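# Structural overview for review
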Amino acid sequence: MTRSIFPPAADTAVFVLCGSAQDASLQDGWRQDGWRQAAGERGWLILDLHEVAAPDGPWCGPAAPGQPNGCRVVPDMDARRFVIHGDAAGVYLVSCVDLLLRTHGVSRLLFTGSWNPEFRRTLDTFAGLQGYAIEWRTGPFDDRIDQARDLSDRPPTVLPDLAARVSPRHAALVLIDFQNDFCADAGATGRSGQPMTMIKAAVERTRDLLAAARKAGLCIVHVRAEYGEAFRSIGSPYRFPTPGGREPAVWTASAADLSQVDRFANTAVEVCLSGSWGAEFVDGMEPQADEAVIAKHRFGAFADTGLDRLLRARGISSLIVAGVTTNCCVETTAREAVMRGFHLVVAEDCVAVKDHLADLHRATLESLGLYFGLVRPSDVIMAQWAQSEFAKGTVLSPA
């Protein structure tokens, strides 16, 4: 029998607080051993926490990762057990543990041992933001409280194929920036005079995809750009002139040579201003009352938004992405989705750029398909829904 290349799933993680390395042997008594034994019997994740001295924080000086007594994560021979050395405030722990928890499918955190108030505040905040249930235990393991739970209905941590990744049980359709300024003739992109036949074709195909997703019962998320002075900083979209390029402007201060004297007038640089016609969804792509809307102020849909929490709260583990433009907002969102542990399916003919940037569109799709997700035509995605039980009147809510 072939062993899975992925770690085994465990819905609960037990954190055993062992104190500093010097006194760990004194504190690591029968109570902690009882927790470790019980967690091991139930297939839970076990994390032994050891405190390191971190006077300058967990990434500097003697506490820096790579130092002999620095912060670090040490895997055990048992794939469900780790030793984590971190600062007393828990800052290093929350910076590294989310990946371990997501990888193992953990949803509940149990802490046992002695903790300081700052550590508890840090972990309570982390759990609340990331959607974990958290419990603090001072006594020994109690089988009456922590009985093995029925996990038969839990979604798998890894979805093996396209059918699973577009299933309404697991997937959300995420529509990015289908707004007038990007898609309509009278919008900012249309007024530039550059052909946008690819964008118009993608809008038409996405209308069909959206209708099919609604019929199949998928979670639908509409992402809308809202730019403007209130959100402007180094990475916020704002046009700066650039001579001799394929485009007359670059789109962030970070990409611009700010030593140039020439500037666009303020009225000529903004797109998708809040409350403007340009920021409205293009005809036929308006959200329905039960569909989520996420407002973003950067290229990516995860940056400074509630998208991650929304998806996790609804049990979503796979994203089907459509939108504009392929090489900018779509690509930024797609890459970050995978880095956050979501499966990715890109609807190949439902993403687009202005026609003269078609080579960037093709390069992005090749890159996404090579490193990040499945790139498939919308017909193939919709065919999966048509063949499933969801098209036969058995529509299930996402798990």
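Residues numbered from 1 in each chain as written. Predicted model: local features only at pLDDT ≥ 70, side-chain atom pairs only at ≥ 80, totals over all residues. Heavy atoms only, no water.

### Brief notes about the overall build of the protein chain
- Across its full length, the protein chain holds twelve helices and 14 strands.
- A buried classification covers 47% of the 399 residues belonging to the protein chain.
- Of the contacts made within the protein chain by residues no fewer than 6 positions apart, 74% connect residues no fewer than 24 positions apart.
- A total of about 19100 Å² of accessible surface is found on the protein chain, and carbon and sulfur atoms cover 54% of it. (Helix = DSSP H or I, 4+ residues; strand = E, 2+ residues; numbered from the N terminus. Buried < 20%, exposed > 50% of the residue type's maximum accessible area, 1.4 Å probe, protein only. Contact = heavy atoms within 4.5 Å. Areas by Shrake-Rupley, 256 points an atom, 1.4 Å probe, with all protein chains shown as cover.)

### Comments concerning the packing of helix α10 (residues 326-339) against helix α11 (residues 358-371)
- Axis separation between α10 and α11 bottoms out at 10 Å; the angle between their running directions is 10°. On the basis of the axis angle, α10 is roughly parallel to α11. Our pair here, α10 against α11, has a crossing hand that is left-handed. Across the interface between the two elements, Thr 326, Asn 327, Glu 331, Ala 334 and Arg 335 from α10 touch Leu 360, His 361, Thr 364, Leu 365, Ser 367 and Leu 368 from α11.
- When the residues that make up the contact of α10 with α11 are grouped by side-chain class, the tally is four nonpolar, five polar and two charged. (Axes fitted to C-alpha atoms, helices over the stretch in contact; angles between N-to-C directions. Parallel < 35°, antiparallel > 145°, perpendicular 65-115°, else oblique. Left-handed = near helix turned anticlockwise from the far one by under 90°. Nonpolar A, V, L, I, M, F, W, Y, C, P; charged D, E, K, R; others polar.)

### Considerations on the nonpolar core
- One finds Val 221, Leu 319 and Trp 385 to be the most contacted residues of the largest nonpolar core, which totals 67 residues.
- Among the elements that take part in this core, helix α8 (residues 197-216) stands out by supplying eight residues, more than any other.
- Beyond its immediate sequence surroundings of up to four residues, Leu 319 is in contact with Ala 172, Val 174, Phe 302, Leu 311, Ala 337, Phe 342, His 343, Leu 344 and Val 345.
- Core analysis: the second largest hydrophobic core is formed by 27 residues, Leu 47, Ala 63, Leu 93 and Leu 123 among them. (Core = buried A, V, L, I, M, F, W, Y, C linked by side-chain atoms within 4.5 Å.)

### What to know about the confidence of the model for the protein chain
- Scored by pLDDT, the protein chain has a mean of 87; 88% of the residues are at 70 or more.
- Note that pLDDT drops below 50 for residues 21-29; the model gives that stretch nine contacts with residues more than four away or on any other chain.
- Every residue in residues 392-399 scores below 50 in pLDDT, and together they form 20 contacts with partners more than four places removed in sequence or on other chains. (pLDDT = per-residue confidence, 0-100.)

### Side note on the sheet that holds strand β13 (residues 343-352)
- Across the sheet, which stays open at both edges, the six strands sit in the order β11-β8-β7-β12-β13-β14 with parallel pairing between neighbours. Edge positions in the sheet fall to β11 (292-296) and β14 (374-376), since each of these pairs with one other strand and no more. Pairs of neighbouring strands in the sheet enclose a mean axial angle of 25°, with direction left out of account.
- Across the sheet, α10 lies against β7 (171-176), β11, β12 (318-324) and β13, angled at about 170° from β12, the strand it touches most. (Pairing = 2+ DSSP bridges.)

### A few points about the packing of aromatic side chains
- Counted under the stated rule, the structure contains ten aromatic pairs.
- Plain terms: the ring middles of Phe 111 and Trp 136 are 4.5 Å apart, the flat faces sit at 20° to each other, and that makes the pair stacked. Placement of the pair is Phe 111 in strand β5 (residues 108-113) and Trp 136 in strand β6 (residues 133-137), with a sequence separation of 25 residues.
- Note on Trp 136: relative accessible area 14%, which makes it buried.
- A ring pair is formed by Phe 126 and Tyr 132, whose centres lie 5.7 Å apart and whose planes are at 25°; its orientation type is stacked. (Phe/Tyr/Trp six-rings, centres within 6.5 Å; stacked < 30°, edge-to-face > 60°.)

### Observations regarding unusual backbone geometry
- Omega for the peptide link from Val 324 to Thr 325 comes to -10°, which places this bond in the cis form.
- Here Thr 325 shows up in the loop between β12 and α10.
- Despite not being glycine, Cys 272 has its phi angle at roughly 55°, a positive value.
- One can find Cys 272 in the loop between β10 (249-250) and β11.
- The residue Asp 304 is not glycine, and still its phi comes out positive at about 60°.
- In this structure, Asp 304 sits in the loop between β11 and α9 (307-313).
- Classification of Asp 304 as exposed rests on a relative accessible area of 68%.

### Concerning α8
- Helix length check: α8, at 20 residues, gives a terminal C-alpha distance of 29 Å against a target of 28 Å (1.5 Å per residue), a fit within 8%.
- Listed as buried for α8 are Ile 199, Ala 202, Val 203, Thr 206, Leu 209, Leu 210, Ala 212, Ala 213 and Ala 216.
- Just past α8, the residue Gly 217 takes up positive phi, approximately 90°. (Expected span 1.5 Å × (residues − 1).)

### Quick look at the packing of α8 against helix α12 (residues 378-387)
- The contact between α8 and α12 brings their axes to 10 Å, and the two run at 15°. Between α8 and α12, the angle is such that the two are roughly parallel. Considering only the axes of α8 and α12, their crossing is left-handed. Touching Arg 205, Asp 208, Leu 209, Ala 212, Ala 213 and Ala 216 of α8 are Ser 378, Asp 379, Ile 381, Met 382 and Trp 385, all from α12.
- Partitioned by chemical class, the residues of the contact of α8 with α12 number seven nonpolar, one polar and three charged.

### Some details on helix α4 (residues 117-130)
- Its 14 residues give α4 an end-to-end C-alpha distance of 20 Å, which sits within 8% of 20 Å, the value for a rise of 1.5 Å per residue.
- Within the span of α4, buried status applies to Phe 119, Leu 123, Phe 126 and Ala 127. One side of α4 holds all its buried residues, which, seen down the axis, span an arc of 95°. In α4, the exposed positions that point more than 90 degrees away from the buried face belong to Pro 117 and Arg 121.
- N-cap assignment for α4: the residue whose side-chain oxygen lies 3.0 Å from the backbone N of Glu 118 is Asn 116.
- Where α4 ends, the next residue or the one after it, Gly 131, has phi of about 85°, a positive value. (Arc of directions from axis to C-beta. Polar contact = N/O pair within 3.5 Å; in protein donor to acceptor, adjacent residues only side chain to side chain.)

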